Amino acid sequence: MRSIKVPEQDEGQRLDKYLLKYLPKASKGFIYKMLRKKNIKLNKGKATGSEKLVAFDVIELFLSEETIESFCNEVSEKRMDMPEIVYNEDKGYIRCGRYTVGIIYEDEDIVILNKPAGLLSQKAVMSDMSLVDILEAYVKKNADNSHASSIQKPGIVSRLDRNTSGLVACGKTLKGLQELSEAVRERRVEKTYRCIVNGRLTSGERLTGYLIKDERTNKVRLVSGESSDGYDHSDYIETEYDVIENYDNSTYLSVKLITGKTHQIRAHLSSIGHPVAGDIKYGARKELGLNHFLLHSYMLRFGNEKGVLSKVSGMSFTAPVPNDIEKYIRREMKG
């Protein structure tokens, strides 16, 4: 962690502008992501980036020194060379390097992508390949001359962990990004996941609790109970799950997010003794041949939408369950 005391000459600046000057090699997306995840704090509290700084304010960067230096020092930075984008319209996918990203839905303003496990949603350092990089390259490549002037820098809304596969909603235009963000924030977009968990469950349940994040380990822990005494109300979570199928040592679940917080599904299921298969960080057993956890963003269902989202009003989109989950199920069925 690095602590920065704001000098008098920088008083009055917005926090996000100051951070972009302090970390000149970091992208805006990275800065805002770190603010959302509370990896960057102002005076020991959560910040959005819009705050006006006062002399001697304290900014805390909960990042490794290596990461901080990579954004400060041009010599230490190695930029990611973007592989060629290959777009197959007939089969509905984008291929970039070793990653294949499915296109589930697309119109002039939004696109819903199927992210493979192993691909970051947003880069952590400049040398990373991320879904945002692929999205930006794809939108730029496919914007015809008549439409190119309306294309602003695209972005993603429903972010997934590196090892979580499945649906990610993205805005191709500023209006699309804004309205998608609003719909997700107001919980007008229902999110359903599929996962395998350790242990046998026989019935569904609705779970509640409060998340507390350990900034050092980037891991959250769950505090149970109906009272928010002593905890930030923004960390309240609700998760609902139903059993699709159970096996001798594991269970196949459908999980619905009522709220949406970092590591919510992983922490909530771990808290009841049923961590996601392969999720060693949250207590899953080690299994031969399983090198990442089995969690998949399966469905997005839109509510009654207007404006640029009117085309998806009342619609549902699903992403096929990936081969690694199907393979695990076949193995479990054999006993």
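All right, on to unusual backbone geometry then. Non-glycine residue Asn43 carries a positive phi angle of around 50°. Along the chain, Asn43 turns up in the loop between β2 (40-42) and β3 (45-46). Judged by its relative accessible area of 44%, Asn43 is partly exposed. In this model, Arg187 sits at a positive phi of 60°, which is unusual for a non-glycine residue. With respect to the secondary-structure elements, Arg187 resides in the loop between α6 (174-185) and β11 (189-198).

Another point: the pattern of salt bridges. Under the definition given, this model contains 18 salt bridges. Close ionic contact of Glu190 with Arg301 constitutes a salt bridge, the shortest N to O distance being 2.8 Å. With Glu190 in strand β11 and Arg301 in strand β16 (residues 295-302), this residue pair connects regions lying 111 residues apart in the sequence. On the accessibility criterion, Arg301 (34% relative accessible area) is partly exposed. Asp279 is the partner of Arg266 in a salt bridge, and the nearest nitrogen-oxygen pair spans 2.7 Å. Here Arg266 is found in helix α7 (residues 264-271), whereas its partner Asp279 is found in the loop between α7 and β16, with 13 residues between them in sequence.

The next point concerns helix α8 (residues 323-333). Residues of α8 that are buried include every one of Ile325, Tyr328, Ile329 and Glu332, and no others. The buried residues of α8 occupy an angular sector of 100° when the element is viewed end-on, so they sit on one face. Away from its buried face by more than 90 degrees, α8 exposes Asn323 and Lys327. Elements that come into contact with the buried residues of α8 comprise β11, β15 (250-257) and β16. One or two positions beyond α8, positive phi appears at Gly335, with a value near 80°.

It is worth spelling out the pairing of β16 at this point. In terms of residue burial, β16 counts as a mostly covered element, since 7 of its 8 residues are buried. Note: β11 against β16, 7 bridges, orientation antiparallel. Looking at β16, one finds that Arg194 is bridged to His296. In this structure, β16 lies alongside strand β17 (residues 316-318), joined through 3 bridges in antiparallel fashion. Paired with Leu300 across the two strands is Phe317, which belongs to β17.

Now for helix α1 (residues 15-22). Residues Leu15, Asp16, Tyr18 and Leu19 constitute the buried set of α1. Seen from one end, α1 has its buried residues packed into an arc of 160°, which puts them on one side. On its buried side, α1 packs onto β1 (2-5), α2 (28-36), β2 and β4 (58-61).

On to the side chain of Asn198, then. Structurally, Asn198 is set in strand β11. A distance of 3.0 Å separates the side chain of Asn198 from the backbone nitrogen of Arg285, its partner in a polar contact. Apart from the residues within four sequence positions on either side, Asn198 is in contact with Asn249, Ser250, Gly273, His274, Pro275, Ala277, Ala284, Arg285 and Glu287.

With that out of the way, let us pick up the pairing of β11. The element β11 is largely enclosed, with a buried count of 9 among its 10 residues. Sheet topology places β11 next to β15; 8 bridges connect them, and they run antiparallel. Across the sheet, Arg194 pairs through a bridge with Ser254, a residue of β15.

Analysis parameters
- Residue indices follow the written sequence of each chain, beginning from 1 at its first position.
- Only residues with pLDDT of at least 70 get local features here, since the model is predicted, and only at 80 or more are side-chain atom pairs given and counted; chain-wide, interface and lining totals rely on the full set of residues.
- Each side-chain value is worked out from all heavy atoms of the structure, with water and hydrogens disregarded.
- Comment: elements are numbered from the N terminus, with helices defined as DSSP H or I runs of at least four residues and strands as E runs of at least two.
- Accessibility here uses a 1.4 Å probe with only protein chains present; expressed as a share of the type maximum, an area under 20% marks a residue as buried, one over 50% as exposed, and anything in between as partly exposed.
- Here a salt bridge means any side-chain nitrogen of Lys or Arg lying within 4 Å of a carboxyl oxygen belonging to Asp or Glu.
- In this description, one arc is meant: the one made by directions from the helix axis to the C-beta atoms.
- Contacts are assigned to residue pairs that have any heavy atoms within 4.5 Å of one another.
- Two strands pair under a simple rule: DSSP has to find at least two bridges between them.
- Pairs of N or O atoms within 3.5 Å make up the polar contacts considered here, provided that, within protein, one atom can donate a hydrogen while the other can accept it, and that residues adjacent in sequence are counted only when both atoms are side-chain atoms.

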